[in-house]
Amino acid sequence: MNNEHAFGPRRRAWLLIPGLALLTVLGLIGTYVLTHQFGMNDAEQKKSLQIPVSIRQVDGGPNYFARFQNSLPTSAEFFPIGIWQESLTDPSDSPRDSSIGINVYVDLTSNSEPALAAAQHSYALVSAPLSGGAGKVLSDEVDMWAGAGNAEWTGAGPGTGQACRPAGQGCGFTIQRELLKGVPETTLTYANYGKGVTFWQSPQDAAVFVNEFPDLVSADNYWFTDPNICGPSEGGSALGGGVLLPSEQCRLAANYGWTVEKIRTLISPSGSKPVWGFVEVGHPFGEEDAPTITGEELRAAVWSSLIHGARGIVYFNHNFGGPCPTQHLLREPCGDSIRPHVSAINSQLKALAPVLNAPFLDGAITATGPVDYSTKLFNGEVFVFAGANKASGGAATFQLQCGGSSVVVLDENRKIPVVDGSFTDTFANGNAVHLYRIEGGGSCGL
(Lines give C-alpha, C1' and ligand atoms only; values in the text may rest on other atoms or scores of the structure.)
Protein backbone atom coordinates (compact mmCIF):
# COMPACT_ATOMS: atom_id res chain seq x y z
CA MET A 1 0.00 0.00 0.00
CA ASN A 2 2.88 2.35 0.67
CA ASN A 3 5.10 3.41 -2.19
CA GLU A 4 7.47 6.23 -2.99
CA HIS A 5 6.59 8.83 -5.60
CA ALA A 6 9.21 11.01 -7.17
CA PHE A 7 8.22 14.41 -8.37
CA GLY A 8 7.61 17.66 -6.93
CA PRO A 9 5.28 20.24 -4.80
CA ARG A 10 3.55 23.49 -5.26
CA ARG A 11 1.43 25.52 -2.95
CA ARG A 12 -2.06 26.42 -4.16
CA ALA A 13 -4.16 29.39 -3.22
CA TRP A 14 -7.65 28.00 -3.58
CA LEU A 15 -10.36 30.33 -4.75
CA LEU A 16 -13.90 30.01 -3.60
CA ILE A 17 -15.92 28.59 -6.48
CA PRO A 18 -19.27 30.30 -6.90
CA GLY A 19 -22.16 28.15 -5.97
CA LEU A 20 -20.12 25.61 -3.98
CA ALA A 21 -20.83 24.27 -0.52
CA LEU A 22 -24.24 25.67 0.31
CA LEU A 23 -24.44 24.01 3.69
CA THR A 24 -27.73 23.07 5.30
CA VAL A 25 -28.35 23.97 8.91
CA LEU A 26 -27.53 20.46 10.05
CA GLY A 27 -23.98 20.50 8.67
CA LEU A 28 -21.92 18.11 6.56
CA ILE A 29 -21.57 15.12 8.85
CA GLY A 30 -24.37 12.69 9.75
CA THR A 31 -27.96 12.40 8.77
CA TYR A 32 -31.03 14.43 9.43
CA VAL A 33 -32.63 12.99 12.56
CA LEU A 34 -36.02 14.52 13.18
CA THR A 35 -37.93 13.66 16.32
CA HIS A 36 -41.65 13.54 17.00
CA GLN A 37 -42.76 16.69 18.76
CA PHE A 38 -45.26 15.78 21.43
CA GLY A 39 -48.45 17.77 21.68
CA MET A 40 -48.62 19.07 18.09
CA ASN A 41 -51.29 18.12 15.61
CA ASP A 42 -50.32 16.63 12.24
CA ALA A 43 -50.28 19.95 10.38
CA GLU A 44 -48.10 21.58 13.04
CA GLN A 45 -45.72 18.63 13.05
CA LYS A 46 -45.30 18.77 9.26
CA LYS A 47 -44.66 22.50 9.36
CA SER A 48 -42.11 22.10 12.14
CA LEU A 49 -40.28 19.40 10.18
CA GLN A 50 -39.66 21.62 7.18
CA ILE A 51 -36.11 22.88 6.74
CA PRO A 52 -34.71 25.12 3.99
CA VAL A 53 -34.29 23.45 0.61
CA SER A 54 -31.17 24.46 -1.32
CA ILE A 55 -29.06 23.48 -4.30
CA ARG A 56 -25.49 22.39 -3.55
CA GLN A 57 -23.06 21.64 -6.35
CA VAL A 58 -20.81 18.60 -6.19
CA ASP A 59 -17.45 19.29 -4.58
CA GLY A 60 -15.21 21.24 -6.93
CA GLY A 61 -18.11 21.95 -9.27
CA PRO A 62 -19.15 19.91 -12.33
CA ASN A 63 -16.31 21.24 -14.51
CA TYR A 64 -13.54 20.89 -11.95
CA PHE A 65 -11.16 18.86 -14.10
CA ALA A 66 -11.37 21.34 -16.98
CA ARG A 67 -8.89 23.61 -15.17
CA PHE A 68 -6.15 21.00 -15.67
CA GLN A 69 -4.37 20.12 -18.89
CA ASN A 70 -5.02 16.71 -20.47
CA SER A 71 -6.86 15.56 -17.36
CA LEU A 72 -10.07 13.68 -16.60
CA PRO A 73 -13.30 14.34 -18.53
CA THR A 74 -15.92 16.79 -17.33
CA SER A 75 -18.77 15.06 -19.16
CA ALA A 76 -21.78 14.32 -16.98
CA GLU A 77 -21.68 10.79 -18.41
CA PHE A 78 -18.25 10.10 -16.87
CA PHE A 79 -17.93 8.99 -13.27
CA PRO A 80 -14.41 8.02 -12.13
CA ILE A 81 -14.06 4.34 -11.19
CA GLY A 82 -10.43 3.69 -10.38
CA ILE A 83 -8.16 0.76 -9.64
CA TRP A 84 -5.09 1.19 -7.43
CA GLN A 85 -1.56 0.41 -8.63
CA GLU A 86 -2.52 -1.87 -11.50
CA SER A 87 -0.24 -2.42 -14.49
CA LEU A 88 -0.79 -2.10 -18.24
CA THR A 89 1.85 -4.14 -19.98
CA ASP A 90 -0.19 -6.22 -22.41
CA PRO A 91 -2.84 -5.05 -24.93
CA SER A 92 -5.35 -7.39 -23.27
CA ASP A 93 -5.04 -5.73 -19.84
CA SER A 94 -7.10 -2.61 -20.39
CA PRO A 95 -10.00 -4.30 -22.26
CA ARG A 96 -10.29 -6.77 -19.39
CA ASP A 97 -10.48 -3.97 -16.83
CA SER A 98 -12.80 -1.89 -18.98
CA SER A 99 -15.22 -4.82 -19.28
CA ILE A 100 -15.96 -4.58 -15.55
CA GLY A 101 -16.26 -0.79 -15.57
CA ILE A 102 -12.78 0.44 -14.62
CA ASN A 103 -12.01 3.77 -16.30
CA VAL A 104 -9.13 5.23 -14.24
CA TYR A 105 -5.78 3.71 -13.26
CA VAL A 106 -4.71 5.33 -10.01
CA ASP A 107 -0.92 5.26 -9.58
CA LEU A 108 -0.36 3.17 -12.68
CA THR A 109 2.77 1.05 -12.22
CA SER A 110 6.04 2.33 -13.63
CA ASN A 111 6.42 -0.56 -16.10
CA SER A 112 3.11 0.32 -17.78
CA GLU A 113 2.09 1.89 -21.08
CA PRO A 114 -0.51 4.66 -20.46
CA ALA A 115 -1.45 4.51 -24.16
CA LEU A 116 -3.07 1.13 -23.45
CA ALA A 117 -5.50 2.92 -21.14
CA ALA A 118 -6.28 5.57 -23.73
CA ALA A 119 -7.16 2.86 -26.24
CA GLN A 120 -10.11 1.92 -23.99
CA HIS A 121 -11.06 5.57 -23.28
CA SER A 122 -9.61 5.16 -19.79
CA TYR A 123 -7.22 7.46 -17.93
CA ALA A 124 -4.10 7.08 -15.82
CA LEU A 125 -2.86 9.02 -12.79
CA VAL A 126 0.86 8.35 -12.49
CA SER A 127 3.68 8.82 -10.01
CA ALA A 128 6.45 7.58 -12.29
CA PRO A 129 7.64 9.82 -15.16
CA LEU A 130 5.32 8.26 -17.73
CA SER A 131 3.98 10.20 -20.70
CA GLY A 132 0.27 10.31 -21.34
CA GLY A 133 -0.91 10.54 -17.74
CA ALA A 134 -4.00 12.52 -16.73
CA GLY A 135 -2.45 13.61 -13.45
CA LYS A 136 0.37 13.12 -10.97
CA VAL A 137 0.20 10.98 -7.81
CA LEU A 138 2.01 12.17 -4.70
CA SER A 139 3.38 9.96 -1.92
CA ASP A 140 0.91 7.39 -0.64
CA GLU A 141 0.03 7.38 3.07
CA VAL A 142 2.89 9.77 3.83
CA ASP A 143 0.85 10.96 6.81
CA MET A 144 1.44 7.53 8.39
CA TRP A 145 5.03 6.67 7.51
CA ALA A 146 6.54 10.17 7.69
CA GLY A 147 4.11 12.02 9.94
CA ALA A 148 3.04 15.63 9.94
CA GLY A 149 5.80 18.20 9.97
CA ASN A 150 8.49 20.17 8.21
CA ALA A 151 11.59 18.27 9.30
CA GLU A 152 14.27 17.38 6.75
CA TRP A 153 13.54 14.43 4.47
CA THR A 154 16.43 11.98 4.11
CA GLY A 155 15.07 10.59 0.84
CA ALA A 156 14.11 7.26 2.43
CA GLY A 157 10.67 5.84 1.85
CA PRO A 158 8.43 3.56 3.90
CA GLY A 159 10.38 0.59 5.19
CA THR A 160 13.68 1.72 3.65
CA GLY A 161 15.26 3.54 6.58
CA GLN A 162 14.90 6.71 8.64
CA ALA A 163 12.76 9.12 6.61
CA CYS A 164 12.98 12.26 8.74
CA ARG A 165 15.90 14.09 10.33
CA PRO A 166 16.11 14.54 13.27
CA ALA A 167 14.56 11.21 14.21
CA GLY A 168 11.23 11.46 15.94
CA GLN A 169 10.07 14.53 14.01
CA GLY A 170 7.62 14.44 11.12
CA CYS A 171 8.58 15.36 7.58
CA GLY A 172 5.43 14.51 5.61
CA PHE A 173 4.85 18.13 4.61
CA THR A 174 8.43 18.37 3.39
CA ILE A 175 8.07 15.22 1.30
CA GLN A 176 4.92 16.37 -0.45
CA ARG A 177 6.46 19.77 -1.17
CA GLU A 178 9.58 18.15 -2.57
CA LEU A 179 7.57 15.82 -4.76
CA LEU A 180 5.57 18.76 -6.15
CA LYS A 181 8.60 20.72 -7.31
CA GLY A 182 8.51 21.22 -11.04
CA VAL A 183 4.95 19.97 -11.49
CA PRO A 184 3.07 22.54 -13.61
CA GLU A 185 0.10 24.31 -12.03
CA THR A 186 -2.02 22.97 -14.88
CA THR A 187 -1.31 19.32 -13.94
CA LEU A 188 -3.84 17.58 -11.70
CA THR A 189 -2.27 16.23 -8.51
CA TYR A 190 -3.68 13.46 -6.35
CA ALA A 191 -2.81 12.22 -2.88
CA ASN A 192 -4.14 9.31 -0.86
CA TYR A 193 -3.77 9.44 2.91
CA GLY A 194 -4.39 7.01 5.74
CA LYS A 195 -4.88 6.81 9.47
CA GLY A 196 -2.72 9.84 10.23
CA VAL A 197 -5.16 12.23 8.61
CA THR A 198 -8.29 10.35 9.69
CA PHE A 199 -7.38 9.30 13.26
CA TRP A 200 -4.03 10.40 14.68
CA GLN A 201 -3.19 13.94 13.67
CA SER A 202 -4.64 17.23 14.83
CA PRO A 203 -7.25 18.81 12.56
CA GLN A 204 -4.72 21.54 11.80
CA ASP A 205 -2.02 19.11 10.63
CA ALA A 206 -4.50 16.92 8.77
CA ALA A 207 -5.81 20.00 6.98
CA VAL A 208 -2.31 20.86 5.74
CA PHE A 209 -1.99 17.44 4.11
CA VAL A 210 -5.40 17.76 2.48
CA ASN A 211 -5.32 21.40 1.40
CA GLU A 212 -1.76 22.38 0.55
CA PHE A 213 -0.62 19.63 -1.80
CA PRO A 214 -3.26 17.70 -3.83
CA ASP A 215 -6.01 18.88 -6.16
CA LEU A 216 -7.81 15.58 -5.59
CA VAL A 217 -7.70 13.59 -2.36
CA SER A 218 -8.76 10.30 -0.76
CA ALA A 219 -8.12 8.30 2.42
CA ASP A 220 -8.02 4.53 2.83
CA ASN A 221 -9.68 3.23 5.99
CA TYR A 222 -10.55 -0.42 5.38
CA TRP A 223 -13.34 -0.82 7.91
CA PHE A 224 -14.37 -4.31 6.84
CA THR A 225 -10.94 -5.95 6.69
CA ASP A 226 -8.36 -4.07 8.78
CA PRO A 227 -7.62 -6.16 11.91
CA ASN A 228 -6.58 -3.06 13.90
CA ILE A 229 -9.08 -0.40 12.86
CA CYS A 230 -11.53 -1.09 15.69
CA GLY A 231 -8.86 -0.33 18.30
CA PRO A 232 -8.95 2.56 20.80
CA SER A 233 -6.34 4.61 18.89
CA GLU A 234 -8.02 4.21 15.51
CA GLY A 235 -11.75 3.73 14.91
CA GLY A 236 -12.29 3.72 18.64
CA SER A 237 -10.75 7.18 18.98
CA ALA A 238 -12.93 8.59 16.22
CA LEU A 239 -16.22 6.85 16.89
CA GLY A 240 -15.99 5.18 20.29
CA GLY A 241 -14.69 7.75 22.72
CA GLY A 242 -11.25 6.17 22.90
CA VAL A 243 -12.31 2.59 23.64
CA LEU A 244 -12.39 -0.53 21.49
CA LEU A 245 -15.25 -0.36 19.01
CA PRO A 246 -17.54 -3.40 19.09
CA SER A 247 -17.76 -5.22 15.78
CA GLU A 248 -21.30 -4.06 15.05
CA GLN A 249 -20.15 -0.43 15.22
CA CYS A 250 -16.80 -0.95 13.50
CA ARG A 251 -17.41 -3.44 10.66
CA LEU A 252 -20.02 -1.16 9.18
CA ALA A 253 -20.45 0.16 5.64
CA ALA A 254 -21.54 3.57 6.94
CA ASN A 255 -18.01 4.10 8.27
CA TYR A 256 -16.69 4.38 4.72
CA GLY A 257 -18.97 7.39 4.40
CA TRP A 258 -17.57 8.69 7.68
CA THR A 259 -14.08 8.59 6.16
CA VAL A 260 -15.20 10.59 3.12
CA GLU A 261 -16.92 13.13 5.37
CA LYS A 262 -13.81 13.38 7.55
CA ILE A 263 -11.75 14.46 4.55
CA ARG A 264 -14.47 16.76 3.24
CA THR A 265 -14.69 18.61 6.55
CA LEU A 266 -10.93 19.32 6.42
CA ILE A 267 -11.07 20.96 2.99
CA SER A 268 -10.96 24.75 2.89
CA PRO A 269 -12.81 26.48 1.33
CA SER A 270 -15.48 23.90 2.00
CA GLY A 271 -16.43 21.94 -1.10
CA SER A 272 -13.59 23.37 -3.18
CA LYS A 273 -12.00 20.09 -4.31
CA PRO A 274 -13.23 16.54 -4.93
CA VAL A 275 -12.79 13.64 -2.53
CA TRP A 276 -12.75 10.06 -3.80
CA GLY A 277 -13.82 7.02 -1.83
CA PHE A 278 -11.34 4.17 -1.33
CA VAL A 279 -12.66 0.60 -0.92
CA GLU A 280 -10.89 -2.75 -0.77
CA VAL A 281 -12.05 -5.60 -3.01
CA GLY A 282 -10.34 -8.50 -1.26
CA HIS A 283 -7.94 -9.24 1.60
CA PRO A 284 -5.48 -6.34 1.96
CA PHE A 285 -3.90 -7.47 5.25
CA GLY A 286 -1.57 -10.33 6.05
CA GLU A 287 -2.79 -11.16 9.55
CA GLU A 288 -4.46 -14.54 9.87
CA ASP A 289 -7.49 -13.08 11.64
CA ALA A 290 -8.05 -10.37 9.03
CA PRO A 291 -11.43 -10.66 7.28
CA THR A 292 -12.07 -10.66 3.53
CA ILE A 293 -14.68 -8.24 2.19
CA THR A 294 -17.86 -9.72 0.72
CA GLY A 295 -19.80 -8.52 -2.33
CA GLU A 296 -22.65 -7.21 -0.19
CA GLU A 297 -20.22 -5.29 2.01
CA LEU A 298 -18.40 -3.91 -1.02
CA ARG A 299 -21.56 -2.49 -2.57
CA ALA A 300 -22.64 -0.94 0.72
CA ALA A 301 -19.21 0.62 1.28
CA VAL A 302 -19.18 2.13 -2.21
CA TRP A 303 -22.65 3.59 -1.82
CA SER A 304 -21.93 4.95 1.65
CA SER A 305 -18.96 6.81 0.17
CA LEU A 306 -21.15 8.24 -2.60
CA ILE A 307 -23.98 9.18 -0.25
CA HIS A 308 -21.44 11.21 1.72
CA GLY A 309 -20.20 13.10 -1.31
CA ALA A 310 -17.42 11.04 -2.91
CA ARG A 311 -16.89 12.11 -6.53
CA GLY A 312 -15.14 8.93 -7.55
CA ILE A 313 -14.28 5.47 -6.27
CA VAL A 314 -10.88 3.75 -6.08
CA TYR A 315 -10.70 -0.03 -5.62
CA PHE A 316 -7.74 -1.47 -3.71
CA ASN A 317 -6.89 -4.44 -5.89
CA HIS A 318 -4.24 -6.30 -3.87
CA ASN A 319 -4.40 -9.32 -1.56
CA PHE A 320 -1.56 -9.33 0.98
CA GLY A 321 -3.01 -12.31 2.84
CA GLY A 322 -5.74 -14.89 2.75
CA PRO A 323 -5.74 -17.98 0.54
CA CYS A 324 -4.70 -16.16 -2.64
CA PRO A 325 -2.14 -13.34 -2.40
CA THR A 326 -2.04 -11.30 -5.59
CA GLN A 327 -1.41 -7.82 -6.99
CA HIS A 328 -4.08 -8.27 -9.69
CA LEU A 329 -7.15 -9.53 -7.86
CA LEU A 330 -9.75 -8.42 -10.39
CA ARG A 331 -7.89 -10.05 -13.30
CA GLU A 332 -6.97 -13.39 -11.78
CA PRO A 333 -8.96 -16.46 -10.68
CA CYS A 334 -8.55 -15.26 -7.08
CA GLY A 335 -11.11 -12.58 -7.90
CA ASP A 336 -13.74 -14.81 -9.48
CA SER A 337 -16.10 -14.48 -6.51
CA ILE A 338 -15.84 -10.68 -6.08
CA ARG A 339 -15.51 -9.68 -9.74
CA PRO A 340 -19.23 -10.03 -10.60
CA HIS A 341 -20.08 -7.75 -7.68
CA VAL A 342 -17.55 -5.15 -8.81
CA SER A 343 -18.92 -5.33 -12.34
CA ALA A 344 -22.54 -4.95 -11.17
CA ILE A 345 -21.69 -1.99 -8.93
CA ASN A 346 -19.77 -0.28 -11.71
CA SER A 347 -22.59 -0.83 -14.21
CA GLN A 348 -24.95 0.88 -11.81
CA LEU A 349 -22.54 3.76 -11.28
CA LYS A 350 -22.12 4.21 -15.02
CA ALA A 351 -25.88 4.26 -15.56
CA LEU A 352 -26.32 6.79 -12.75
CA ALA A 353 -23.28 8.92 -13.62
CA PRO A 354 -25.36 11.96 -14.72
CA VAL A 355 -27.22 11.81 -11.41
CA LEU A 356 -24.06 11.35 -9.35
CA ASN A 357 -22.56 14.37 -11.12
CA ALA A 358 -25.71 16.45 -10.63
CA PRO A 359 -26.27 18.90 -7.75
CA PHE A 360 -27.55 17.89 -4.34
CA LEU A 361 -30.99 19.09 -3.32
CA ASP A 362 -30.38 19.55 0.38
CA GLY A 363 -33.42 19.66 2.61
CA ALA A 364 -35.81 18.23 0.02
CA ILE A 365 -35.94 14.95 1.91
CA THR A 366 -35.76 14.37 5.63
CA ALA A 367 -35.68 10.96 7.25
CA THR A 368 -36.20 9.17 10.55
CA GLY A 369 -34.64 5.78 11.08
CA PRO A 370 -31.21 4.11 10.85
CA VAL A 371 -30.11 5.54 7.49
CA ASP A 372 -27.66 7.92 5.88
CA TYR A 373 -28.92 9.47 2.66
CA SER A 374 -28.43 12.16 0.07
CA THR A 375 -30.79 13.80 -2.38
CA LYS A 376 -29.97 14.66 -5.99
CA LEU A 377 -31.71 16.81 -8.59
CA PHE A 378 -31.25 15.74 -12.21
CA ASN A 379 -33.36 16.92 -15.18
CA GLY A 380 -36.12 18.06 -12.85
CA GLU A 381 -36.34 14.69 -11.08
CA VAL A 382 -35.42 14.01 -7.47
CA PHE A 383 -33.31 10.96 -6.58
CA VAL A 384 -32.60 9.69 -3.08
CA PHE A 385 -29.68 7.39 -2.27
CA ALA A 386 -29.94 5.73 1.16
CA GLY A 387 -27.91 3.19 3.11
CA ALA A 388 -28.25 1.69 6.58
CA ASN A 389 -26.05 3.18 9.28
CA LYS A 390 -26.63 0.50 11.93
CA ALA A 391 -25.67 -3.16 11.71
CA SER A 392 -29.22 -4.26 12.49
CA GLY A 393 -30.81 -2.08 9.82
CA GLY A 394 -34.46 -1.22 10.37
CA ALA A 395 -37.34 0.80 8.96
CA ALA A 396 -36.85 4.36 7.76
CA THR A 397 -39.45 6.96 6.86
CA PHE A 398 -38.67 9.67 4.31
CA GLN A 399 -40.60 12.94 4.32
CA LEU A 400 -40.86 14.63 0.91
CA GLN A 401 -40.67 18.41 1.20
CA CYS A 402 -41.26 18.96 -2.53
CA GLY A 403 -44.10 16.52 -3.05
CA GLY A 404 -44.44 13.19 -4.79
CA SER A 405 -47.02 10.51 -5.56
CA SER A 406 -44.89 7.35 -5.64
CA VAL A 407 -41.30 6.20 -5.37
CA VAL A 408 -39.51 3.93 -7.83
CA VAL A 409 -36.89 1.75 -6.14
CA LEU A 410 -34.15 1.56 -8.76
CA ASP A 411 -33.06 -1.91 -9.92
CA GLU A 412 -35.43 -3.63 -7.48
CA ASN A 413 -38.56 -3.84 -9.64
CA ARG A 414 -40.84 -2.27 -7.05
CA LYS A 415 -42.66 0.95 -6.19
CA ILE A 416 -43.61 2.48 -2.87
CA PRO A 417 -46.67 4.74 -2.51
CA VAL A 418 -46.30 8.18 -0.98
CA VAL A 419 -48.86 8.65 1.80
CA ASP A 420 -49.35 12.00 3.50
CA GLY A 421 -46.13 13.26 2.01
CA SER A 422 -43.88 10.39 3.11
CA PHE A 423 -42.88 6.83 2.36
CA THR A 424 -41.35 4.06 4.46
CA ASP A 425 -38.93 1.32 3.49
CA THR A 426 -37.05 -1.43 5.29
CA PHE A 427 -33.27 -1.80 5.46
CA ALA A 428 -32.60 -5.46 6.19
CA ASN A 429 -29.16 -5.05 7.76
CA GLY A 430 -26.11 -2.79 7.88
CA ASN A 431 -25.30 -3.49 4.23
CA ALA A 432 -28.73 -2.55 2.88
CA VAL A 433 -28.81 0.16 0.22
CA HIS A 434 -31.87 1.47 -1.64
CA LEU A 435 -31.87 3.98 -4.48
CA TYR A 436 -35.06 5.93 -5.18
CA ARG A 437 -36.55 8.13 -7.86
CA ILE A 438 -39.50 10.31 -6.80
CA GLU A 439 -42.46 10.38 -9.16
CA GLY A 440 -45.04 13.15 -9.29
CA GLY A 441 -43.03 15.59 -7.21
CA GLY A 442 -41.00 18.72 -7.82
CA SER A 443 -37.86 20.52 -6.70
CA CYS A 444 -39.51 23.16 -4.50
CA GLY A 445 -39.12 25.74 -7.29
CA LEU A 446 -35.32 25.36 -7.50
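What comes next is a walk through the structure. A quick note: this is a predicted structure, and the numbers were derived from the prediction, not measured.

Moving on: the state of the cysteines. Counted according to the given criterion, the structure contains four disulfides. Each sulfur of the disulfide joining Cys230 and Cys250 lies 2.1 Å from the other. Torsion about the S-S bond of the Cys230 and Cys250 cystine: about -90°, corresponding to left-handed handedness. Of this pair, Cys230 sits in the loop between β9 (216–219) and α8 (235–239) while Cys250 sits in helix α9 (residues 247–250), and the two are 20 residues apart along the sequence. With relative accessibility at 0%, the residue Cys250 sits in the buried group. Here Cys324 connects covalently by a disulfide to Cys334, the sulfurs 1.4 Å from one another. Separated by ten residues along the polypeptide, Cys324 in the loop between β11 (313–316) and α12 (339–351) and Cys334 in the loop between β11 and α12 bring together distant segments of the chain. Residue Cys324 is classed as partly exposed on the basis of its relative accessible area of 25%. For the protein, the bonded cysteines connect in the pattern 1-2, 3-4, 5-6, 7-8 when numbered consecutively along the sequence.

Attention shifts here to the packing of helix α5 (residues 172–180) against helix α7 (residues 203–212). For the pair α5 and α7, the least separation of the axes is 11 Å and the interaxial angle reads 5°. In this view, α5 runs roughly parallel relative to α7, as classed from their interaxial angle. In this structure, α5 uses Gly172, Phe173 and Arg177 to contact α7, whose residues at the interface are Asp205, Val208, Phe209 and Glu212. Of the residues contributing to the contact of α5 with α7, the split by class is three nonpolar, one polar and three charged.

All told, the structure shown has 18 salt bridges when counted by the stated rule. Arg56 is paired through a salt bridge with Asp362; the nearest N and O atoms lie 2.6 Å apart. Taken together, the residues Arg56 in strand β1 (residues 54–56) and Asp362 in strand β12 (residues 360–362) connect sequence positions 306 residues apart. In this structure, Arg56 and Asp362 share a single accessibility class: buried. A salt bridge links Glu439 to Lys415; the shortest N-O distance between them is 2.9 Å. Linking Glu439 in strand β20 (residues 433–439) with Lys415 in strand β18 (residues 414–417), this pair joins segments that are 24 residues apart in sequence.

Before going further, it helps to spend a moment on the packing of aromatic side chains. Within this structure, the stated rule accounts for 22 aromatic pairs. For the pair Tyr222 and Phe285, a centre-to-centre distance of 6.1 Å together with 70° between the ring planes defines the contact as edge-to-face. In this pair, Tyr222 sits in the loop between β9 and α8 while Phe285 sits in the loop between β10 (275–280) and α11 (295–307), placing the two residues 63 residues apart along the sequence. According to the relative accessible area criterion, Tyr222 is buried, its value standing at 2%. Phe285 gets classed as buried once you look at its relative accessible area, which sits at 12%. Members of the aromatic cluster, each reached through a chain of ring pairs, are Trp84, Tyr222, Phe278, Phe285, Phe316 and Phe320. Lying across the ring of Phe360, Arg56 places its NZ or CZ 4.1 Å from the centre. Lying across the ring of Phe360, Lys376 places its NZ or CZ 3.8 Å from the centre.

Calculation rules
Residues numbered from 1 in each chain as written. Predicted model: local features only at pLDDT ≥ 70, side-chain atom pairs only at ≥ 80, totals over all residues. Heavy atoms only, no water. Disulfide = S-S within 2.5 Å. Helix = DSSP H or I, 4+ residues; strand = E, 2+ residues; numbered from the N terminus. Buried < 20%, exposed > 50% of the residue type's maximum accessible area, 1.4 Å probe, protein only. Axes fitted to C-alpha atoms, helices over the stretch in contact; angles between N-to-C directions. Parallel < 35°, antiparallel > 145°, perpendicular 65-115°, else oblique. Contact = heavy atoms within 4.5 Å. Nonpolar A, V, L, I, M, F, W, Y, C, P; charged D, E, K, R; others polar. Salt bridge = Lys/Arg side-chain N within 4 Å of Asp/Glu carboxyl O. Phe/Tyr/Trp six-rings, centres within 6.5 Å; stacked < 30°, edge-to-face > 60°. Lys NZ or Arg CZ within 6 Å of the ring centre and 35° of its normal.

Just geometry here; none of it tells us what the structure is for.
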